[in-house]
Amino acid sequence: MEKYWSDLVKQLRPYEPGEQPCMDGVLKLNTNENPFGPSPKVLSAIEAQLGNQLRLYPPPNADLLKQAIADYYGLKDSQIFLGNGSDEILAHVFNGLLKKALPLLFPDITYSFYPVFCQLYDIDFKEIPLKDDLSIDLADYEVPNGGIIFPNPNAPTGRLLAIGEIEHLLKANRNSVVVIDEAYVDFGGQSSIGLLTDNPNLIVTQTMSKSRSMAGMRIGFALGSADLIKGLERVKNSFNSYPLGHLQIAAGISAIEDSDHFKDTCQRVIHNRAKLTIKLEELGFSVVPSAGNFVLVRHFRASALKIYGQLKNNGILVRHFNKQRLDNFLRITVGTTEQNDQLVATLADILRS
Ligand SMILES: *Cc1c(COP(=O)(O)O)cnc(C)c1O
């Protein structure tokens, strides 16, 4: 009963995740899952955990996974923070590092969880409009602020910022935390991890959901200075001491270790993105240049909402955002060659009629 809810809960407008249908046979190109699946080594590592030790709590700091990530990225384990998906990490970052007297800055078109966290944690924020071509101009962020966050590449546009531009912003913004959400960086972007040494106010967040094809395992990590990570540990240890279970820890370590599978599947996504882009352009779509595992597209004549509905009738899910400036776009996840061919053939049919 709503009368028992707190005032905060009455006011919340929670994040709306993309549809996750239970039926088989739906082609899901709506939530940027990776079609190639995790490394086979991940599956055997999980199987090896299926025993009586599940009665025990996992190691609270998942030290072995921290070490594996630190080794892979050439950092110290004190610079790694782990969470139950990077959404949980972002929640702790908002709560612990971005709640300040001055407003937090992020783009008007970006990951729609950011304003939700601001509401949950009562954080003042200011949305900075993207340029007409949907790019971020970091000069717009050189104003007094309580923190800055944006994904690179941005979502749902796919547009990438060059590392030099981010470095310039960090130099101009020494007094608050800058968070680069790198959920999609492995699909063709350059990571800001290399900027950590000179920038103690930088936090980089990544996830194993997309480029390591494990959205169902819920493993995220953040990289930053030992000071910032220590702050996040304080929040985490005031919230949930065991965000990652035995299966997640084992899966995460294997996924990091099998870098061949990781690099190979990322390359296949990049290759398929280029081919899909050309085919969509041939059908009359304009495609925003993307460095993610998705493309944001708009048709010169047909309405996005109509195309969305007709694709759905044909068993293909893509993402439509009911939001100003975005409502005539569709965001389409890059699939396998066969999946992309099915999408393109169905779109061709729809546009013909
Ligand atoms: C998918 C996504 C995340 C969250 O990923 P998790 O599955 O929670 O690890 C964070 N930021 C952006 C921009 C995303 O697209």
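Before any of the text, the structure's been laid out above.
Quick look at the structure, then. (Residues numbered from 1 in each chain as written. Predicted model: local features only at pLDDT ≥ 70, side-chain atom pairs only at ≥ 80, totals over all residues. Heavy atoms only, no water.)

Another aspect to go through is unusual backbone geometry. For the bond running from asparagine 152 to proline 153, omega is 0°, close enough to zero to count as cis. Note that proline 153 resides in the loop between strand S5 (147-151) and helix H6 (163-172). Of note, the bond from alanine 155 into proline 156 is cis; its omega dihedral lies within 30 degrees of zero at 5°. If you trace the backbone, proline 156 turns up in the loop between S5 and H6. Even without a glycine there, the phi angle at serine 213 is positive, about 55°. With respect to the helices and strands, the residue serine 213 is situated in the loop between strand S7 (202-207) and strand S8 (220-224). (Helix = DSSP H or I, 4+ residues; strand = E, 2+ residues; numbered from the N terminus.)

Our next topic: the packing of aromatic side chains. Counted by the stated rule, this structure contains 14 aromatic pairs. Ring centres 5.8 Å apart and planes at 65° place the aromatic pair tyrosine 15 and tyrosine 111 in the edge-to-face group. Of the two residues, tyrosine 15 sits in the loop between helix H1 (7-11) and strand S1 (27-28) while tyrosine 111 sits in the loop between strand S3 (104-107) and helix H5 (113-121), which places them 96 residues apart along the sequence. On the basis of relative accessible area, tyrosine 111 is assigned to the buried category, the value being 17%. Judged by centre distance (5.2 Å) and plane angle (45°), the ring pair of phenylalanine 94 and phenylalanine 117 falls under tilted. Highlighted residues: phenylalanine 94 in helix H4 (residues 85-97) and phenylalanine 117 in helix H5, separated in sequence by 23 residues. A residue is classified by how much of its surface remains accessible, and phenylalanine 94, at 0% relative accessible area, is buried. Here the aromatic cluster, defined as three or more aromatic residues joined through ring pairs, consists of Tyr15, Phe94, Phe106, Tyr111, Phe113, Tyr114, Phe117 and Phe125. A cation sits over an aromatic face here: arginine 212 above tyrosine 72, 5.6 Å from the ring centre. Against the face of phenylalanine 262 rests arginine 212, its NZ or CZ located 3.9 Å from the ring centre. (Phe/Tyr/Trp six-rings, centres within 6.5 Å; stacked < 30°, edge-to-face > 60°. Buried < 20%, exposed > 50% of the residue type's maximum accessible area, 1.4 Å probe, protein only. Lys NZ or Arg CZ within 6 Å of the ring centre and 35° of its normal.)

Lining the immediate environment of the ligand, one finds Gly85, Ser86, Asp87, Tyr111, Asp181, Ala183, Tyr184, Thr207, Ser209, Lys210 and Arg218. Contact between the ligand and arginine 218: an oxygen atom at 2.7 Å from a side-chain N or O atom of the residue. When isolated, the ligand has an accessible area of 380 Å², and the protein chains bury 93% of it. Counting residues per element, the shell around the ligand draws most heavily on H4, which supplies three residues. (Near = heavy atom within 4 Å. Polar contact = N/O pair within 3.5 Å; in protein donor to acceptor, adjacent residues only side chain to side chain. Areas by Shrake-Rupley, 256 points an atom, 1.4 Å probe, with all protein chains shown as cover.)

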